[in-house]
Amino acid sequence: MKILVVEDEMSMQRALYNGLKKYGYAVDSANDGEQALEFIEINSYDAIVLDLNLPKIDGIDVLKAIRRTDKELRVLILSARTEVEDKITGLDTGANDYLSKPFHFKELEARIRALLRREFAQRDTVLAFGDFKVDTAQKCVKVKDQEVDLTKKEYAILEYLFINKDRIVSAEELIEHIWDSEIDMFSNSFKVHINSLRKKLAEHVGGKEIIKNTRGVGYSVKEYTDERV
Ligand code: CA
């Protein structure tokens, strides 16, 4: 999942960046409203964390511009403005949630998770598919209650494939949602991670292929259920 942090206060921007990275999100940071809109135009984000007091273009105007073209993009306003009027304006303009500074990072992360769940119309924090369970709150994957030891990137790839389990996801789409925008599309970093993930999964299911690679199209997850009783 890829998140854009729009924040002009550098210490806060860095704290958000580091905190969200720690939870396994891909994160881009924009320093002002103008840069935010540029980034949104060229990248695919799953959610935006948006400050209101911003240089060049104010947060509310950024939100208005987003809503003119994209009704679905999840936006969480993070603001020091505690006036109830500001909160109402933000929500009326189309923000999906609002959090006042100062805040607890854990609360921010929980709210982002809730926003992303709404996007994918999930009721539960745990996605179950055959014998696999992906716990989006704990960020872990289990096969029949046995945890699969994954890196953050591997987990993020698998979570994205599970959320989109009814279709084939292209490598480009995975990279867009799982890596920060600086990644070189032609680097073999993606291949290394997905191959390692496929190998680890196979080890848990007797060598069966869980992630199918459809050549030239992309990747999809296959349902696995152990038939042995
Ligand atoms: Ca600010």
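Cut-offs applied
- Residues numbered from 1 in each chain as written.
- Predicted model: local features only at pLDDT ≥ 70, side-chain atom pairs only at ≥ 80, totals over all residues.
- Heavy atoms only, no water.
- Helix = DSSP H or I, 4+ residues; strand = E, 2+ residues; numbered from the N terminus.
- Buried < 20%, exposed > 50% of the residue type's maximum accessible area, 1.4 Å probe, protein only.
- Contact = heavy atoms within 4.5 Å.
- Areas by Shrake-Rupley, 256 points an atom, 1.4 Å probe, with all protein chains shown as cover.
- Pairing = 2+ DSSP bridges.
- Domains from an automatic or database assignment.
- Buried area = accessible area lost by both parts, 1.4 Å probe.
- Salt bridge = Lys/Arg side-chain N within 4 Å of Asp/Glu carboxyl O.
- Polar contact = N/O pair within 3.5 Å; in protein donor to acceptor, adjacent residues only side chain to side chain.
- Nonpolar A, V, L, I, M, F, W, Y, C, P; charged D, E, K, R; others polar.
- Expected span 1.5 Å × (residues − 1).

**Overview of the overall build of the protein chain**
Thinking step 1. A tally of regular secondary structure across the protein chain gives 8 helices and 11 strands.
Thinking step 2. With the principal axes as the frame, the protein chain shows a C-alpha extent of 60 × 35 × 30 Å.
Thinking step 3. Within the protein chain, the proportion of its 229 residues that are buried is 48%.
Thinking step 4. Restricting the contact set of the protein chain to residue pairs at least 6 apart, pairs at least 24 apart contribute 58%.
Thinking step 5. Carbon and sulfur atoms provide 48% of the accessible area of the protein chain, an area that totals close to 11900 Å².

**Re the pairing of strand β11 (residues 218-221)**
Thinking step 1. Alternating residues of β11 divide into Gly218 and Ser220 and Tyr219 and Val221, and every residue in both groups is buried.
Thinking step 2. In terms of strand pairing, strand β10 (residues 211-214) meets β11 through 4 bridges, oriented antiparallel. The residue bridging Ile211 from the neighbouring strand is Val221, located in β11.
Thinking step 3. What sits between β10 and β11 in their antiparallel hairpin is a turn of 3 residues, with Gly216 showing a positive phi close to 80 degrees.

**Considering the domain arrangement of the protein chain**
Thinking step 1. If you check the domain split of the protein chain, you get domain 1 (2-119) and domain 2 (126-221).
Thinking step 2. Roughly 1100 Å² is buried in total at the junction of domain 1 and domain 2, and carbon and sulfur atoms are behind 35% of that figure.
Thinking step 3. When the area that domain 1 buries against domain 2 is broken down by residue, the three leading residues are Lys2, Ser44 and Arg113, summing to 35%.
Thinking step 4. In this assembly, domain 1 and domain 2 are joined by 1 salt bridge.
Thinking step 5. A salt bridge links Asp180 to Lys21, with the shortest nitrogen-to-oxygen separation between them at 2.4 Å.
Thinking step 6. Between the two partners, domain 1 and domain 2, sit 8 residue pairs in polar contact (both at pLDDT 80 or more).
Thinking step 7. Residue classes in the side of domain 1 that touches domain 2 are distributed as 6 nonpolar, 3 polar and 7 charged.

**As for helix α6 (residues 152-163)**
For an α-helix the count is 3.6 residues per turn, leaving residues at separations of three or four pointing the same way.
Thinking step 1. The end-to-end C-alpha separation of α6 is 16 Å, in line with the 16 Å expected for 12 residues at 1.5 Å each.
Thinking step 2. In terms of residue burial, α6 counts as a mostly covered element, since 10 of its 12 residues are buried.
Thinking step 3. Those residues of α6 not exposed but buried are Glu154, Tyr155, Ala156, Ile157, Leu158, Glu159, Tyr160, Leu161, Phe162 and Ile163.

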